[in-house]
Amino acid sequence: AETWDIVPQAPPDSIFKLTAAYQADPYPQKVNLGVGAYRDDDNKPWVLPVVRKASHILLSDPTLHHEYLPITGLPEFVSGAARLILGDDSPALADDRVASVQTISGTGANHLAALFLSKYYQFDGERVVYLSDPTWVNHFAIFENVGIKQRTYPYYDSKTIGLDFDGFLAALQSAPGRSVFLVHACAHNPTGVDPTEEQWETIAQAFIAKKHYAIFDSAYQGFASGDLDRDAKAIRYFVRRGVPMLVCQSFAKNAGLYGERVGALHLIAPNKETATRVRSQLSVLQRSEISNPPSYGARVIALILGNPELFEEWKADIRTMADRIIDMRKRLHSLLTNELRTPGNWDHIVNQIGMFSFTGISTAQSKALIDDAHVYLTSNGRISMAGLNSKNLRYFAEALDRVVR
Ligand code: PLP
């Protein structure tokens, strides 16, 4: 027998498989609604104008070098990122009790958080994390890799195509005290369904009552409402209420820096002394995992966050992306409801927020869209709104109309 005989063949990643099938399809009107990346109205990747500008400033600096960053990342980036997500007036920042580390985008933040919890969180019973049903599929593997089991809590209600608030709350109340719950800060992936502000308050109350620990995954700040502060409201509310928590932050979507891998992990500690100890151990873990994080994207973001003019430009660029997506939602809803009179209620298309929409169609109907109409989407009926544009919207609406009739 050979050494690697025991290695089983893994199935291909479903999203990457979908993209490959789309690329291989010669049909001229094909549509890709699978991938979670912003596209402009010509279906092209969009380099944010402010990112282009910041890159030019960086690259024209003759003193720029390629030395290693500190283990915990570029200091200006890390502090700016913390203020961006926690708010300028954050009580935790005022008390200097946030341990922040630059990470390999949001995935790296999730991983470092999971690794830190696996080493230092005092699980009362089982080592388990509660994930929303459904969630970003990578969450399962990330916790599995560090020996933390995964369990799901009710989140999406297929009957209302909305939030199963009662189910979520009941899960928080019935889990053992001090359990770890991962929640999406805004623009929940894959459903596009978020709790309301009032619901977040009730959820925070349940965390406090049971002393649960909150992992906030923030991959879409600015993408939900078009407003960076509004999309951070739940996080800031939890901090004010004193819920023990950490935040995983990604700049992939809101700055269009996907491949540059820009992110951060922020652990909100009860006091400065604890934050200092936590930071020292995050630094130890980071050293053995990646030594130090990549510099280019962090420099771009640090420049934008540190310059009021560039910061305003960035906010406008974010609104451009969010507004285009919101416009697609409205037009798709109107086409289905008013013009095609497609059977069923499609209000969720406009009620859901962020990059994704759960259409509520079945696996068979999703498959029919691919096979009959060359419209590529995941089998759970999730569509990326960013894949729709003024040229393919009608084609998609008519195809959807056909498969649900
Ligand atoms: N968390 C969620 C919920 C996501 O949807 C994503 C990306 O799709 C990420 C984290 C991490 O993305 P990245 O590592 O590119 O920042």
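Residues numbered from 1 in each chain as written. Predicted model: local features only at pLDDT ≥ 70, side-chain atom pairs only at ≥ 80, totals over all residues.

- Per an unreviewed UniProt entry, the chain goes by the name Aspartate aminotransferase and belongs to Russula earlei.

## With respect to the confidence of the model for the chain
Move 1: Overall, the prediction assigns the chain a mean pLDDT of 96, with 100% of residues at 70 or greater.
Move 2: Complex prediction metrics read pTM 0.96 and ipTM 0.99. (pLDDT = per-residue confidence, 0-100.)

## Describing the nonpolar core
Move 1: Ranked by internal contacts, the top residues of the largest apolar core, which has 114 residues, are Ala-113, Ala-214, Phe-216, Ile-235, Met-245, Leu-265 and Ile-301.
Move 2: Broken down by element, the residue count for this core peaks at nine residues, all from helix α12 (residues 308–339).
Move 3: When near neighbours in sequence (up to four residues on either side) are disregarded, Leu-265 contacts Ser-100, Val-101, Thr-103, Ala-109, Leu-112, Ala-113, Leu-246 and Cys-248. (Core = buried A, V, L, I, M, F, W, Y, C linked by C-beta atoms within 7 Å. Buried ≥ 20, exposed ≤ 12 C-beta atoms within 10 Å, placed from the backbone. Helix = DSSP H or I, 4+ residues; strand = E, 2+ residues; numbered from the N terminus. Contact = placed C-beta atoms within 7 Å.)

## Details of the sheet that holds strand β7 (residues 180–184)
Move 1: Ordered by their spatial adjacency, seven strands build an open sheet running β2-β10-β9-β8-β7-β3-β4, and the pairing between neighbours is mixed. Where the open sheet ends on each side, the last strands, each with one partner, are β2 (98–104) and β4 (149–154). For this sheet the average axis-to-axis angle between neighbouring strands, irrespective of direction, equals 25°.
Move 2: Where strand β9 (residues 245–250) and strand β10 (residues 262–268) come together, six bridges link them in antiparallel fashion. Residue pairing across strands places Gln-249 opposite Ala-264, the latter belonging to β10.
Move 3: Each of β2, β8 (213–218), β9 and β10 touches helix α3 (residues 75–86); the most contacted strand, β2, lies at about 110° to it. (Pairing = 2+ DSSP bridges. Axes fitted to C-alpha atoms, helices over the stretch in contact; angles between N-to-C directions.)

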